[in-house]
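Listed below, chain by chain, are the residues.
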Amino acid sequence: MEGGKPSLPLVYQAIQALHHDPDTAGKERASMWLGELQTSMYAWEISDQLLQLKQDEESCYFAAQTMKMKVQTSFYELPPDSHNALRDSLLSHIQNLKDRAPMIVTQLALAIADLALQMASWKGCVHTLVEKYNGDVGSMPFLVEILTVLPEEVHSRSLRIGANRRTEIIEDLAYYSSTVVTLLGSCVEKTGSDEMLIKVFRCLGSWFNLGVLDSNFMASNQLLMFLFQVLQRDDTSSNLHEAAADCVCSALYAIENVETNATLALQLFRGVQTLETAYHMAVAREDLDKVLNYCRIFTELCETFLETTVRTPGQGMGDLRTLELLLICAGHPQYEVVEISFNFWYRLGENLYKINDVALHTVFRPYIQRLLHCLARHCQLDPDHEGIPEETDDFGEFRIRVSDLVKDVIFLVGSMECFSQLYSTLKDGSPSWAVTEAVLFIMAAIAKSVDPENNPTLLEVLQQVVLLPEAVHTAVRYTSIELVGEMSEVVDRNPRFLDPVLNYLMKGLREKPLASAAAKAIHNICSVCRDHMTQHFQGLLDIARSLDSFALSTEAAVGLLKGTALVLGRLPLDKIAECLGDLCAVQLLSEESTNGRSADPTVWLDRLAVIFRHTNPIVENGQTHPCQKVIQEIWPVLSETLNAHQADNRIVERCCRCLRFAVRCVGKGSASLLQPLVTQMVSVYQVHPHSCFLYLGSILVDEYGMEEGCRQGLLDMLQALCMPTFQLLEQANGLINHPDTVDDLFRLATRFVQRSPVTLLGSAIIVHIIQCAIAATSLDHRDANCSVMKFVRDLVHTGVANDHMDDFDLRKRLIAQAMEQHGQQLVTQLMHSCCFCLPAYTLPDIAEVLWEVMMFDRPTFCRWLESALKGLPKETSGGTVTVTHKQLTDFHKQVTSADECKQVCWAIREFTKLFR
């Protein structure tokens, strides 16, 4: 901190302000100041003093939290000879503060655990702690707390202790695991209070999660029996019940490999089977929390034994009673209970689909049928529900998940069979509106998977639905409209239904609550029945003319226009220009009629964008694109809008999107726009560097980069856009603060590499683009990083891929120059980024770049990689070896002798674990 170490009274004052200042600004100032203190070197000493003084809960919590943060992220600040003193000080603090708020104890326990993991000189820390506190009942709670968080922190993202140290620690913890379990057993005997039992079960679960407990030792351990006793008892408190359930779930998760943990697997299997009665008791008492806990346990049991159940259904631990337990839960009146099991049913369906064995499907079919029956019941709306079904509340989201699950497992039952059964319940009975709506909802989920060819049931359903009287409940009409939209394939095969279906949907479109659903259904019909819909184009145009008179969501309105555009593309070419002109004019006229040019043009920009995007007529070579004239007529309006709103990123983005689809729509036919568009983009970008201009630039390069006459103009555009971009990215934290700009800049550069590499490689700007790319390889942002890697990979590849183009030798020479200049820096930066900056999902991209560099010049790459590896740190500040000499040489050999990119990726994946 500037101005030296702050005094303790000043720190107290800031902590008080943070918690008690009535003025929000005062709180924020205190928070900022304390945040700065925590990152400074003084934080170690000040936290230690605050913990010694124990003045109040707030200062103790701040100090404990600071200690944890410092140990976790800034351990390197301390000299090795101070590590022992820090450990002893933290242990004395936790002992002195053990009766304070539990969150203070937890923060100190985390600090001790993180210290133990990083401090190589603290051997056998579990043994030390158990020896030190075992005899003192008063120290038991904090000892168990430390032993709980220790295994949890082994895989903590915040601690970069590396794979070597992690392996060493896990072996150490496995060695002492039976000591810990024995300690936990004696805790239960000595104290037995609910509070202590919760701690014991949390701790045991934590050791199960790390996967270091000996399964034979645990199978016969009293703690396991005790867990199930607690879960069987009717009088167990809610918190204890939850802790016990969590622990059993962790145990089940830990024995994922059932064969190697057979004895423990059998004990858990039998133990869970004993909980059925307790489940029924919880249902009878209407104790939803316990019911949910049991359902979690039953689901975890089924997940653990999934492969066994599929491999040997009905035998041993493939006993199908596990599925019965889940179906009992599915029968519970509250939908939250069955929802817990969805992931299991999805995985079961996936497994059975892969195996594709008819006999096996027959075994599981009755269970899926019963599940579907329960789901249909759970999807029923309340009998007193008014209006349409809500889609955004919890129950609406549950129904969407049901719909997805039904689509995934329906193959086991047979879509046609299920569809017919559902329909017969409506036809043969006289169900309530709520039952009818739920059945229609499930039918809508599976309609698309029923074969539409010559299917009388589908035709009958369609016929009956469009005859539904307007007097039925709104929710039934709403869901029936959704069903009709899902049956668009049937309409396409049976065009005689098109008129009655459209009439039915038009009625819905005119009613406020049904309008958006009807619009979505019309969009579906347009998408699937394009050719049949051409005769109704005038009707679609009429709808578009009065779009704003319907009560549509933005998404539904845009969907209707998308459907209209899809049909438009199927009209005869001579009609398209005229009809597209009409369709676009409608948008602009409705825009002008709202008081001249409105303040927010995004509505009509989005509508024009969707029209251009989906109007795709088939144009033969040599024919003029029918949309060309319309786009030329609209350009002045877009240009004017772009100028008027140039400071507003949201509107500029919509303009660029609209232009992008206009250019894509007519391809080379947009040539007359190129000059004015590029001029305007460049001039606005100098003042307002919106990244969408870079993206639009990449579209222009994609369309025109192969045209000899356009290349120089496009290069000038790139250079003009690069100058303000580099200024923006060279600011402090520029890359981190502007990931969209990085993403779009390298999309543009990549398009150049793909369309006209020599133009780019021969320019003065290429050096700056490569330097920017090297700096951006460490940027932890999914899209931006992906674009940077793709640029570098494609750039180097142009010097590797001999595609028999005339300019291959020139390209190769230009790439050789670039690599000579930047190759070493690139490889060094990539190795540093993948070890210290980037998440694991980026590694395949890095592997591809290294592979291309190696393909270009393997001997030179070997030297560059060796130099990059020499620069990596070999030890952590805690004194543990991060990477051995052998690991470095093995990695170098694996990469440089690889025959395919996959091998490079595997090598990097394993190597980077040493630094994470």
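Residues numbered from 1 in each chain as written. Predicted model: local features only at pLDDT ≥ 70, side-chain atom pairs only at ≥ 80, totals over all residues. Heavy atoms only, no water.

From N to C terminus, the protein includes 49 helices and zero strands. Taken over the C-alpha atoms alone, the protein extends approximately 95 × 80 × 65 Å along its principal axes. Across the protein, the fraction of contacts at a sequence separation of at least 24, relative to all contacts at a separation of at least 6, is 74%. Accessible surface, the protein as shown: approximately 40300 Å² in total, 51% of it carbon and sulfur. For the protein, the distance from the average site of its 77 positive side-chain charges to the average site of its 112 negative ones is 3 Å. (Helix = DSSP H or I, 4+ residues; strand = E, 2+ residues; numbered from the N terminus. Contact = heavy atoms within 4.5 Å. Areas by Shrake-Rupley, 256 points an atom, 1.4 Å probe, with all protein chains shown as cover. Lys, Arg positive; Asp, Glu negative; His and termini not counted. Charge placed at Lys NZ, Arg CZ, Asp CG, Glu CD.)

A few words now on the environment of Gln16. Position of Gln16 relative to the elements: it lies in helix H1 (residues 8–20). With a relative accessible area of 32%, Gln16 lands in the partly exposed category. A C-alpha to C-alpha distance of 7.9 Å links Gln16 and Glu58, two positions 42 residues apart in sequence. In this view, Gln16 contacts Asp21, Asp56 and Glu58; residues no more than four positions away in its chain are not counted. (Buried < 20%, exposed > 50% of the residue type's maximum accessible area, 1.4 Å probe, protein only.)

What follows deals with helix H32 (residues 554–568). A rise of 1.5 Å per residue sets the reference length of H32, with its 15 residues, at 21 Å; its end C-alpha atoms lie 21 Å apart and thus fit the reference within 8%. Most of H32 is tucked away, with eleven of its 15 residues classed as buried. Those residues of H32 lying buried are Ala556, Ala557, Gly559, Leu560, Leu561, Gly563, Thr564, Ala565, Leu566, Val567 and Leu568. (Expected span 1.5 Å × (residues − 1).)

What follows deals with the layout of surface pockets. Roughly 830 Å³ of internal volume is contained in the largest pocket. Lining the largest pocket are 38 residues, and of these Glu391, Tyr478, Glu482, Lys520 and Glu555 lie nearest its centre. Contributing elements (two or more residues each) for the lining of the largest pocket: helix H22 (394–413), helix H24 (433–446), helix H26 (474–486), helix H29 (515–528), H32 and helix H34 (602–614). By residue number, the principal contributor to the lining of the largest pocket is H29, which donates seven residues. Among the residues making up the lining of the largest pocket, the classes are represented as 15 nonpolar, ten polar and 13 charged. Estimates place the volume of the second largest pocket at around 470 Å³. In terms of lining residues, the second largest pocket is bounded by 17 residues, among which Arg157, Arg160, Pro839, Ala840 and Arg916 are the most central. Considering only residue class, the lining of the second largest pocket consists of seven nonpolar, three polar and seven charged. (1 Å grid on protein atoms, 1.4 Å probe; cavity = no way out; pocket = protein on both sides within 12 Å on 5 of 7 lines; lining within 4 Å. Points joined across faces, edges and corners; volume = space filled by probe spheres on them. Nonpolar A, V, L, I, M, F, W, Y, C, P; charged D, E, K, R; others polar.)

The tally for this structure, following the rule as stated, stands at 17 aromatic pairs. Plain terms: the ring middles of Phe269 and Phe305 are 5.2 Å apart, the flat faces sit at 80° to each other, and that makes the pair edge-to-face. Here Phe269 is found in helix H14 (residues 262–273), whereas its partner Phe305 is found in the loop between helix H16 (288–304) and helix H17 (306–311), with 36 residues between them in sequence. Each member of the pair, Phe269 as well as Phe305, carries the same accessibility label: buried. Grouped by ring-pair contacts, the aromatic residues Tyr335, Phe342, Phe395 and Phe398 constitute a single cluster. (Phe/Tyr/Trp six-rings, centres within 6.5 Å; stacked < 30°, edge-to-face > 60°.)

It is worth spelling out the pattern of salt bridges at this point. Overall, the coordinates contain 41 salt bridges when judged by the stated rule. Residues Glu303 and Arg347 are paired through a salt bridge, measuring 2.5 Å at the closest nitrogen-oxygen approach. Of this pair, Glu303 sits in helix H16 while Arg347 sits in helix H20 (residues 342–355); the two residues are 44 residues apart in sequence, bridging distant segments of the chain. Judged by its relative accessible area of 15%, Glu303 is buried. On the basis of relative accessibility, which here comes to 24%, the residue Arg347 falls in the partly exposed class. A salt bridge links Arg650 to Asp600; its shortest N-O distance comes to 3.0 Å. (Salt bridge = Lys/Arg side-chain N within 4 Å of Asp/Glu carboxyl O.)

Another aspect to go through is the nonpolar core. With 336 residues, the main nonpolar core has Phe791 and Phe911 as its most contacted residues. Look past the residues within four positions of Phe911 in its chain and what remains in contact with it is Met831, Cys835, Leu869, Leu872, Val883, Gln887, Leu888 and Phe891. (Core = buried A, V, L, I, M, F, W, Y, C linked by side-chain atoms within 4.5 Å.)

The next subject is empty space enclosed by the protein. Throughout the structure, instances matching the rule amount to one cavity of 30 Å³ or more. What lines the largest cavity is a set of 13 residues, among which Ile770, Val792, Leu795, Met819 and Leu826 lie closest to the centre. Of all the elements in the fold, those that place two or more residues in the lining of the largest cavity are helix H43 (766–776), helix H44 (782–797) and helix H45 (808–836). Element by element, the count of residues in the lining of the largest cavity is highest for H45, at six residues. Class assignment of the residues belonging to the lining of the largest cavity gives a composition of eleven nonpolar, two polar and no charged.

What follows is about a negative patch on the surface. A surface patch of like charges, here negative, comprises Glu336, Glu390, Glu391, Asp393, Asp394 and Glu397. Examined against the element boundaries, Glu397 turns out to sit in helix H22. (Patch = residues over 30% accessible without salt bridge, like charges linked within 9 Å, V, L, I, M, F, W, Y side chains within 5 Å.)

This part is about unusual backbone geometry. Residues apart from glycine generally show negative phi values, whereas peptide bonds are mostly found in trans. Phi at Lys54 is positive, roughly 45°, even though this residue is not glycine. Phi is positive for Asn356, which is not a glycine, with a value near 50°. With respect to the secondary-structure elements, Asn356 resides in the loop between H20 and helix H21 (358–378).

A few words on the side chain of Thr798. Note on placement: Thr798 falls in the loop between H44 and H45. Overall, the relative accessible area of 10% leaves Thr798 in the buried class. Polar side-chain contacts of Thr798 include one of 2.5 Å to the backbone oxygen of Leu795. Each residue touching Thr798, except ones within four places of it in the same chain, is listed here: Val753, Pro757, Leu761, Phe808, Arg811 and Ile815. (Polar contact = N/O pair within 3.5 Å; in protein donor to acceptor, adjacent residues only side chain to side chain.)

What follows deals with helix H4 (residues 57–73). Over its 17 residues, H4 runs 24 Å from end to end, which matches the ideal 24 Å to within 8%, given 1.5 Å per residue. What H4 keeps buried is the set Ser59, Cys60, Phe62, Ala63, Ala64, Thr66, Met67, Lys68, Lys70, Val71 and Gln72. Against the buried residues of H4 lie H1, helix H2 (24–39), helix H3 (42–53), helix H5 (83–96), helix H6 (102–118) and helix H8 (140–153).

On to the environment of Ser432. The residue Ser432 is located in the loop between helix H23 (415–428) and H24 in this model. Residue Ser432 is classed as partly exposed on the basis of its relative accessible area, which comes to 40%. Residues Ser432 and Phe228, 204 residues apart in the sequence, show an inter-C-alpha distance of 43 Å.

Below, the discussion takes up the packing of helix H28 (residues 498–509) against H29. Helix-helix packing is characterised by the crossing angle of the two axes and by the distance between the axes. It is at 7 Å that the axes of H28 and H29 come closest, and there the two elements cross at 150°. The orientation of H28 relative to H29 falls into the category roughly antiparallel. Crossing angle aside, the handedness with which H28 passes H29 is left-handed. Each of Leu498, Val501, Leu505, Met506, Gly508 and Leu509 in H28 lies in contact with H29, whose residues at this interface are Ala515, Ala518, Ala519, Ala521, Ile522 and Ile525. (Axes fitted to C-alpha atoms, helices over the stretch in contact; angles between N-to-C directions. Parallel < 35°, antiparallel > 145°, perpendicular 65-115°, else oblique. Left-handed = near helix turned anticlockwise from the far one by under 90°.)

Another aspect to go through is the packing of H22 against H24. For the pair H22 and H24, interaxial distance at closest approach is 8 Å and the crossing angle is 50°. Put simply, H22 runs oblique to H24. Seen from above, H22 lies across H24 with right-handed handedness. Within the contact between the two elements, H22 uses Arg399, Ile400, Val402, Ser403, Val406, Lys407 and Ile410 and H24 uses Glu437, Phe441, Ile442, Ala445 and Ile446. Taken together, the residues of the contact of H22 with H24 sort by class into eight nonpolar, one polar and three charged.

A few words on the side chain of Arg477. Summarising the element assignment, Arg477 is placed in helix H26. Residue Arg477 is classed as buried on the basis of its relative accessible area of 5%. In this structure Arg477 touches Pro469, Glu470, Val472, Tyr504, Lys507, Glu511 and Leu514, once residues within four positions along its chain are discounted.

Applying the stated criterion to the full structure yields zero disulfides. The cysteine Cys374 is free of any disulfide, with Cys329 supplying the nearest cysteine sulfur at 10 Å. Judged by its relative accessible area of 9%, Cys374 is buried. Left unpaired, Cys692 is separated from the closest cysteine sulfur, that of Cys656, by 3.7 Å. (Disulfide = S-S within 2.5 Å.)

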